[in-house]
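Survey of secondary and tertiary structure
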Amino acid sequence: MKQDQDEFYVGYQPKAPAGIAGAVRGTVVLLLLLGAVAAFLIVREQKDIAAALFEFGVVREFEGVIAAKPYPMLRVARPDAAGDAEAFSRYLLVAPFKFGADPIVAPFDGKKVSLKGTLIYRDNKTMIELAAEDALREIGGGVGDKPVSFGEVTLKGEIVDSKCFLGVMNPGELKTHKACAVRCISGGIPPVLVVRDGEGTVKTFLLVDRNQGQVNQAVLPMVAEPVAVTGELVRLDDWWMLKADPESYKLL
Amino acid sequence: MSLAYQAVGWNRQKKVYDGWLAVGILLYLAVFMVLGAVLFPSITAETLLIRGFGTASFVLLHVILYIGPAARLFPRLLPLLYNRRHMGVSMFVLGLAHGVLALIQYHVGGDQFPLVSLLTSNGDYASVVNFPFQLLGFLALGILFLMAATSHDFWLANLTAPVWKALHMLVYVAYALLVAHVALGYLQNHAAPVTTALLGLGVLGLFGLHAAAALREGATDKEAEADNGWVYVARVDEILENRARMICAAGERIAVFKYEGKVSAVSNVCQHQNGPLGEGKIVDGCITCPWHGYQYRPKDGASPPPFTEKIPTFRAKVTEGKIYVDPKPLPPGTEVEPALIQGEGVA
């Protein structure tokens, strides 16, 4: 028999026999290549990443009028508004981590404020995560706005928490994000219904009950599930709101 | 082999092994992270890290599970098996990084204790489709932790080889949990046909390798019949010098070695990790296990001093160029005079 056919490897000897070492070297190179190819094939399918952004670590200052209900918002005049464009934008306000900003903004309802926070935005929808300390400062009085009704509609989509969906987490929807969405909505982050048309256009609708109250706890069992919501469609400046009692939501 | 316990008894081979293991892991993570950041500029660093660590761990688990049957089919790959525990601990660390980051990302900073949130906030335990996939990953990580924590020979000696082996066979439970974790998690909601195909290929490949290795071992495990208390093994010229032929008789796997004009028979089962001694070789006068190099003297099945391991021995005889063994095992460490090939006598 040939010498190399009876090679035997012992790990505590200084070197592996030449034939075995060659076979292992070839296998290791193959495994490295296969690993790199697997990484390439897997990562190129991570197509669930939206064009959304959370300016983590960047604190900016904003001025506007606080609207504490139904969910905390900052109403900001749009200096460039022309034609049919809304004259005001509304930035949803949330607290750091997985909590809503209701207790922070309640004393400033209807007042003009200067506030510090971090921008979160996606598809022309903007949110501000308030700075951890001294986020709001009153600088005057403000003018509110009345919602405009567009009648009854039925919309099909997914309930998500607005903070993660708008950019804090990416992706911030579907089953892999469900647990986080439940935590956020439970903690006071405004829930929104995400509706996609056949061409992939995404629209978000703030969910409130018929009395325009918050629905956070009531929607928890339906988060990240396909649902149909029938209710009154209302516009608040550049935000759409859907008024319907959560008991009437239908799981699809 | 070692007598005293050290965290890791480093030698050149282990350093080479771990060096290439590190290269492999870093290469995977680099390809995943760099391409991910380039292809999807909006992806958050946390998402990239969670997915990178998770997939790296799962791919490495496949390599780990493939090595066992592959080394049985292609013995030249045995060096990959030698320090596989280093691969296992690395795989656990990657999985742990994935799990901890996911726990922080999705459950910390909310209105509930993170571990409670992990177990309660996603899904319906009574449903297959909506089953909370996180729990499956959490359980798998628990098993992998037990395995990583007991991977050292200290635990192997103290738990005893059968208990340790049974504990480490739980890796297949962890693997099944992780397949379900991936299928009911990421793959359920995302159109990822190539990733799905890779997972299917990974599972099928593992089954295929195990089936092929089992088929090969099936021939060895065919029960040999005794004639007047002796079981035929092979002709003398069918066994290579310093090598063995394995047979299964009276429920025992027996390794019959030919060396220096003699024949000795011992249990096929290494005391260390139940490795197949019959696939080993006589090195420096001792039967040497192919898995981790544990050694036993052929005549009495005892490890050379100062080591203390002992395995059962068997009587052997050579008649008219044919080797026979008495399948009744003798107590571990019992000295048996080797059968002489030229004189053709009974041991």
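Keep in mind that this is a model prediction, so the values were computed, not measured.

1. Description of the environment of His62 of chain B
All names here are of chain B. Relative to the elements of secondary structure, His62 occurs in helix α2 (residues 45–73). Separated by 26 residues in the primary sequence, His62 and Gly36 place their C-alpha atoms 22 Å from one another. Not counting chain neighbours up to four residues away, the residues in contact with His62 comprise Tyr175, Gly202 and Val203. A polar side-chain atom of His62 sits 2.9 Å from the main-chain carbonyl oxygen of Phe58. Among the polar contacts listed, one links the side chain of His62 to the side chain of Tyr175, at a separation of 2.8 Å.

2. Here's the deal with the pattern of salt bridges
Residues and elements named next belong to chain B. This model, assessed by the stated rule, comprises 25 salt bridges over all chains. With a shortest N-O distance of 3.9 Å, Lys299 and Glu335 are connected by a salt bridge. With a gap of 36 residues between them, Lys299 in the loop between β8 (295–296) and β9 (313–314) and Glu335 in the loop between β11 (322–325) and β12 (339–340) connect regions that are remote in the sequence. On the basis of relative accessible area, Lys299 is assigned to the partly exposed category, the value being 37%. Three or more residues joined by partner-sharing salt bridges are found here, namely Arg72, Glu217, Arg253 and Glu279.

3. Regarding the packing of aromatic side chains
All names here are of chain A. Summed over all chains, the structure comprises 10 aromatic pairs over all chains. With 5.0 Å between their ring centres and 75° between their planes, Phe150 and Trp240 make a pair best called edge-to-face. Separated by 90 residues along the polypeptide, Phe150 in strand β8 (residues 148–161) and Trp240 in strand β12 (residues 239–243) bring together distant segments of the chain. Overall, the relative accessible area of 42% leaves Phe150 in the partly exposed class. Above the plane of the ring of Trp239 lies Lys125, whose end atom (NZ or CZ) is 5.3 Å from the centre. Above the plane of the ring of Trp240 lies Arg235, whose end atom (NZ or CZ) is 6.0 Å from the centre.

4. Description of the side chain of Gln105 of chain B
Within the fold, Gln105 of chain B resides in helix α4 (residues 84–107). Taking the relative accessible area as the measure of exposure, Gln105 of chain B reaches 9% and is therefore buried. Contacts of Gln105 of chain B, omitting those with residues within four sequence positions, involve Lys98, Met169 and Cys180 of chain A together with Glu46, Thr47 and Ile50 of chain B.

5. A look at the sheet that holds strand β2 (residues 230–235) of chain B
All names here are of chain B. Sheet architecture is open: four strands sit in the order β1-β2-β11-β10, paired in antiparallel fashion. Among the strands making up the open sheet, the edge pair consists of β1 (226–227) and β10 (316–319). Where β10 and β11 come together, four bridges link them in antiparallel fashion. Bridging across to β11, Thr319 finds its partner in Lys322.

6. Notes on the domain arrangement of chain B
Many descriptions give the size of an interface as the accessible area lost when the pieces come together. Residue and element names in this part refer to chain B. The domains assigned to chain B are domain 1 (12–220) and domain 2 (226–340). Each partner contributes residues to the interface: domain 1 has 12 residues there, and domain 2 has 15 residues. Summed over both sides, the interface of domain 1 with domain 2 buries roughly 1200 Å², with 48% coming from carbon and sulfur. Contact with domain 2 buries surface across domain 1, with Arg72, Tyr82 and Thr220 losing the most and accounting together for 41% of the total. Across the salt bridge formed by Glu217 and Arg253, the nearest N and O atoms sit 3.8 Å from each other. The tally of links from domain 1 across to domain 2 stands at six residue pairs in polar contact (both at pLDDT 80 or more). Those elements that provide at least two residues to the side of domain 1 that touches domain 2 are α3 (78–82), α7 (153–159), α8 (161–169) and α11 (193–220). Per-class residue counts for the side of domain 1 that touches domain 2 are six nonpolar, one polar and five charged.

Parameters at a glance
- Residues numbered from 1 in each chain as written.
- Chains lettered and ligands numbered in written order.
- Predicted model: local features only at pLDDT ≥ 70, side-chain atom pairs only at ≥ 80, totals over all residues.
- Heavy atoms only, no water.
- Helix = DSSP H or I, 4+ residues; strand = E, 2+ residues; numbered from the N terminus.
- Contact = heavy atoms within 4.5 Å.
- Polar contact = N/O pair within 3.5 Å; in protein donor to acceptor, adjacent residues only side chain to side chain.
- Salt bridge = Lys/Arg side-chain N within 4 Å of Asp/Glu carboxyl O.
- Buried < 20%, exposed > 50% of the residue type's maximum accessible area, 1.4 Å probe, protein only.
- Phe/Tyr/Trp six-rings, centres within 6.5 Å; stacked < 30°, edge-to-face > 60°.
- Lys NZ or Arg CZ within 6 Å of the ring centre and 35° of its normal.
- Pairing = 2+ DSSP bridges.
- Domains from an automatic or database assignment.
- Buried area = accessible area lost by both parts, 1.4 Å probe.
- Nonpolar A, V, L, I, M, F, W, Y, C, P; charged D, E, K, R; others polar.

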